[in-house]
Amino acid sequence: MTAPLSGARVLDLGQIYQGGYCGLLLSYLGADVVKVEPPWGENVRTRSEDGYPPQFQYLNANKRGITLDLKSEDGREALERLVEKADVLLENFATGKMDELGVGYERLRELNPGLVYAHGSGYGDSGPYAEYPAMDLTVQAMSGVMETTGFPDGPPVKAGPAVCDFMGATHLAVGILGALLRRERTGEGDYVEVGMFDCMYPTLASPVSAWVAESDAPPRTGNQHSGLSIAPYNAYEVEDGYVAIICIAERHWESLARVIDREDLIGREGWDSKVERARRIEAVDAVIEAWLDGRTKVEVVETLLEANVPCAPVRTVPEIVEDPHLRERGMLHDLPNPGEGREETPVPGMPIGFAASDPPEVSRAPFLGEHTAEVLAEVAGYSAAELDRLTGETGSGTD
């Protein structure tokens with residue numbers, strides 16, 4: 001069964017998380033993704049002394065890997081020859097870096113008018129912040145993510161996962177797919193650009209809505225709702241950890257009230273709507289906390305799920321990487337870890353399913369320069385002599 005991007009070729013010059021995950025998604029969609037690194041490896045490889053940190057394995061599965069020195073004439077020529085046969089080139093270097101190297105969009109579109117060139121960055125190609133250096137942490141700070149994360153009486157806190165990187169990566173992949181679809185209709189390539197900063201603004205729907213409504217909600221609300229407009233909505237302490245409980249619909253609240261033996265609250269004035277309960281959020285939490293006292297995560301979750309009340313235990317990373325649901329859904333793939341630490345890396349699978357194609361087989365990330373000769377010969381038509389010259393001058397080649 002044919003994958004959606006089967007037959008497409010992607011040159012992935014991405015680095016760290018934003019570029020890495022965008023390329024991973026395209027590989028899982030069936031594209032032949034060629035990871036292009038400098039001879040010394042992309043930035044994320046420096047997170048371990050051996051050059052094979054788990055982060056690289058995590059985000060570069062199913063790719064072939066080559067090395068090219070784009071600061072050299074031979075390296076640029078090799079990239080240009082690959083571009084002539086490519087459908088997509090993606091990169092997340094600082095804005096303007098590829099132009100400085102002489103292989104920016106305008107140059108590459110001359111070689112391949114059908115090329116979809118995708119550029120990810122922190123703040124996009126225009127605007128007063130365009131030239132600011134940006135990483136996930138700084139974009140979290142600039143975008144309001146940190147200001148709205150944490151507890152009211154504490155300092156701003158970054159989100160645990162690299163949310164800006166992955167939001168940027170996902171939007172960049174969507175842009176690439178849109179450009180490829182339009183190319184099917186027009187035959188023309190396109191330039192796609194995504195700034196992580198832009199991607200984060202829509203995620204502030206709750207805190208911005210609280211601001212528009214002139215709510216007195218603090219910017220940080222801990223585990224309560226960001227705009228303090230829903231109750232119950234919290235992570236509640238139990239005997240052996242925490243359980244998240246939320247009631248979005250009236251049926252959820254009524255089911256919860258019955259479970260905790262507080263049917264007297266159903267329809268009671270001041271408790272009979274989402275708006276009213278949000279006005280007495282602390283009282284709602286106190287009622288739930290009284291019922292939770294002395295109970296365990298398993299006991300609480302099983303009881304509430306049976307009553308169809310949305311809830312979940314707060315779980316640890318060791319629990320997540322052994323999760324049976326993720327395993328059955330094809331989201332956990334234990335691949336050999338060539339670096340230090342555990343023997344295997346639980347690499348993520350494809351979170352999008354298609355009825356018309358099978359889930360992708362997941363293979364390990366490439367070693368540095370592992371497929372340089374193979375790709376240059378197969379795609380760019382390099383002869384043995386040309387390969388000898390290139391690998392001799394740039395250090396490209398298998399690790």
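That block above? That's the structure.
Residues numbered from 1 in each chain as written. Predicted model: local features only at pLDDT ≥ 70, side-chain atom pairs only at ≥ 80, totals over all residues. Heavy atoms only, no water.

Draft legend 1. Local environment of a nonpolar patch on the surface. Among the surface-exposed residues, Tyr-129, Tyr-132 and Met-142 lie close enough to one another that they form a single nonpolar patch of about 280 Å² accessible area. By relative accessible area, which is 44% here, Tyr-132 ends up partly exposed. (Patch = residues over 30% accessible without salt bridge, like charges linked within 9 Å, V, L, I, M, F, W, Y side chains within 5 Å. Areas by Shrake-Rupley, 256 points an atom, 1.4 Å probe, with all protein chains shown as cover. Salt bridge = Lys/Arg side-chain N within 4 Å of Asp/Glu carboxyl O. Buried < 20%, exposed > 50% of the residue type's maximum accessible area, 1.4 Å probe, protein only.)

Draft legend 2. Up close: the side chain of Arg-45. Structurally, Arg-45 can be placed in the loop between strand E2 (32-37) and helix H2 (54-59). A relative accessible area of 4% places Arg-45 in the buried class. (Helix = DSSP H or I, 4+ residues; strand = E, 2+ residues; numbered from the N terminus.)

Draft legend 3. Structural detail: the nonpolar core. Core analysis: the biggest nonpolar cluster contains 37 residues, and Cys-22, Leu-26 and Ile-176 have the highest contact counts within it. Once residues within four sequence positions are removed from consideration, Cys-22 is found in contact with Leu-90, Ala-169, Leu-172, Ala-173 and Ile-176. By size, the runner-up hydrophobic cluster in this structure holds 27 residues, among which are Leu-13, Met-98, Val-375 and Leu-387. (Core = buried A, V, L, I, M, F, W, Y, C linked by side-chain atoms within 4.5 Å. Contact = heavy atoms within 4.5 Å.)

Draft legend 4. Local environment of the pattern of salt bridges. According to the stated counting rule, one finds 27 salt bridges in the structure shown. The salt bridge involving Glu-374 is made with Arg-64; its shortest N-O contact spans 2.8 Å. Of this pair, Glu-374 sits in helix H16 (residues 372-378) while Arg-64 sits in strand E3 (residues 64-67), placing them 310 residues apart in sequence. Of the residues examined, Arg-64 reaches a relative accessible area of 13% and is grouped as buried. Across the pair Arg-279 and Glu-276 runs a salt bridge, and its minimum N-O distance is 2.7 Å. Of this pair, Arg-279 and Glu-276 both sit in helix H11 (residues 274-279), 3 residues apart, which is roughly one turn of the helix. One network of salt bridges, with partners in common, ties together Arg-9, Asp-32, Arg-64, Glu-374 and Glu-378.

Draft legend 5. Just the packing of helix H6 (residues 136-143) against helix H7 (residues 163-186), in detail. Where H6 meets H7, the axes come as close as 7 Å, and the angle between the chain directions of the two elements is 90 degrees. Comparing their axes, H7 and H6 come out roughly perpendicular. Counted together, Asp-136, Val-139 and Gln-140 of H6 and Val-163, Cys-164 and Asp-165 of H7 form the full contact between these two elements. When its residues are assigned to classes, the contact of H6 with H7 shows 3 nonpolar, 1 polar and 2 charged. (Axes fitted to C-alpha atoms, helices over the stretch in contact; angles between N-to-C directions. Parallel < 35°, antiparallel > 145°, perpendicular 65-115°, else oblique. Nonpolar A, V, L, I, M, F, W, Y, C, P; charged D, E, K, R; others polar.)

Draft legend 6. Here's a closer look at the packing of aromatic side chains. By the definition in use, this model includes 12 aromatic pairs. Where Tyr-52 meets Phe-367, the ring centres are 5.5 Å apart and the plane angle is 85 degrees; that geometry is what we call edge-to-face. Separated by 315 residues along the polypeptide, Tyr-52 in the loop between E2 and H2 and Phe-367 in the loop between strand E11 (344-348) and H16 bring together distant segments of the chain. Centroid distance Tyr-105 to Tyr-191: 5.2 Å. Interplanar angle 45 degrees. Geometry classified as tilted. Here Tyr-105, found in helix H5 (residues 105-111), pairs with Tyr-191, found in strand E6 (residues 190-195); they are 86 residues apart in sequence, far enough to count as distant. By the ring-pair criterion, three or more aromatic residues cluster together here, those being Tyr-123, Tyr-129, Tyr-132 and Phe-197. (Phe/Tyr/Trp six-rings, centres within 6.5 Å; stacked < 30°, edge-to-face > 60°.)

Draft legend 7. Layout of the sheet that holds E6. The strand order E3-E2-E1-E4-E5-E6 describes an open sheet built from 6 strands, whose pairing is parallel. Two strands in the sheet have a free side with no partner beyond their single neighbour: E3 and E6. Averaged over neighbouring strand pairs, the angle between their axes works out to 20 degrees when direction is ignored. Sheet topology places strand E1 (residues 9-12) next to strand E4 (residues 88-91); 3 bridges connect them, and they run parallel. By the bridge assignment for E4, Val-10 is matched with Val-88. Where H7 meets the sheet, its contacts fall on E4, strand E5 (116-121) and E6, and the angle it forms with E6 comes to roughly 160 degrees. (Pairing = 2+ DSSP bridges.)

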